[in-house]
Amino acid sequence: MIADIAAWLFAIFVVDPLQAEMKQQLDRGNVSMEAVQQSHQCLATQVPRLIDRAGNEPGWAITTAVGISTGWTSPDNLFEANDPKCAALRALIKSDNNREAEG
């Protein structure tokens, strides 16, 4: 039961905001269609892995969700650096974090 709650909280505080940010960037026209497609592919493969990990490691899920929600941890660290489909999403997250730090 704790594992289910941790996975649910992780989805609410981490996955949902990432998907909302992607949609926002698309609506603004700041992202190419290719980058959006790659980001969707990345999320399709990585999110189930992350949710599974959150369910199996509730401590990791809670720590990660708090870290990302408070800005202590960048969400781009969640996605495998060697997955080419995630490169666009990681770049989007990093550029958004840089803009927030500057402004």
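Predicted model, so just to flag it, every value in this text is computed and none were measured.

Cut-off values and rules
Residues numbered from 1 in each chain as written. Predicted model: local features only at pLDDT ≥ 70, side-chain atom pairs only at ≥ 80, totals over all residues. Heavy atoms only, no water. Helix = DSSP H or I, 4+ residues; strand = E, 2+ residues; numbered from the N terminus. Contact = heavy atoms within 4.5 Å. Areas by Shrake-Rupley, 256 points an atom, 1.4 Å probe, with all protein chains shown as cover. Axes fitted to C-alpha atoms, helices over the stretch in contact; angles between N-to-C directions. Nonpolar A, V, L, I, M, F, W, Y, C, P; charged D, E, K, R; others polar. Disulfide = S-S within 2.5 Å. Expected span 1.5 Å × (residues − 1). Buried < 20%, exposed > 50% of the residue type's maximum accessible area, 1.4 Å probe, protein only. Arc of directions from axis to C-beta. Polar contact = N/O pair within 3.5 Å; in protein donor to acceptor, adjacent residues only side chain to side chain.

Right, let's get into the overall build of the protein. Helix and strand counts for the protein stand at four helices and zero strands. Expressed as a percentage of contacts within the protein between residues at least 6 apart in sequence, the contacts between residues at least 24 apart total 66%. For the protein, the accessible area works out to roughly 6,200 Å², and carbon and sulfur atoms hold 57% of it.

Next up on the list: the environment of Val47. Position of Val47 relative to the elements: it lies in helix H2 (residues 33-56). Not counting chain neighbours up to four residues away, the residues in contact with Val47 comprise Val15 and Cys42.

In this section: the packing of H2 against helix H3 (residues 58-70). Where H2 contacts H3, the two axes come as close as 5 Å, and the packing angle between them is 115 degrees. Taken together, the residues of H3 that come into contact with H2 (itself represented by Leu50, Arg53, Ala54, Gly55 and Asn56) are Pro58, Trp60 and Ala61. Partitioning the contact of H2 with H3 into residue classes produces five nonpolar, two polar and one charged.

This part takes up the state of the cysteines. Per the stated rule, a full pass over the model turns up one disulfide. Between the sulfur of Cys42 and that of Cys86 lies a disulfide, 2.0 Å long from S to S. For the disulfide bridge between Cys42 and Cys86, the dihedral angle about the S-S bond is near 95 degrees, and by the sign convention the bridge is right-handed. Here the residue Cys42 occupies a position in helix H2, and Cys86 occupies one in the loop between H3 and helix H4 (87-102), the gap between them amounting to 44 residues.

A few words now on H3. The end-to-end C-alpha distance of H3 is 18 Å, a good match for the 18 Å that 13 residues give at a rise of 1.5 Å each. Buried within H3 are the following residues: Trp60, Ala61, Thr64, Ala65, Gly67 and Ile68. Along the axis of H3, the buried residues cluster in a sector spanning 165 degrees; they form a single face. Trailing H3 by a residue or two, Gly71 shows a phi angle of about 90 degrees, which is positive.

Counting through the fold element by element, Arg90 comes out in helix H4. A distance of 2.6 Å separates the side chain of Arg90 from the backbone oxygen of Asp76, its partner in a polar contact.

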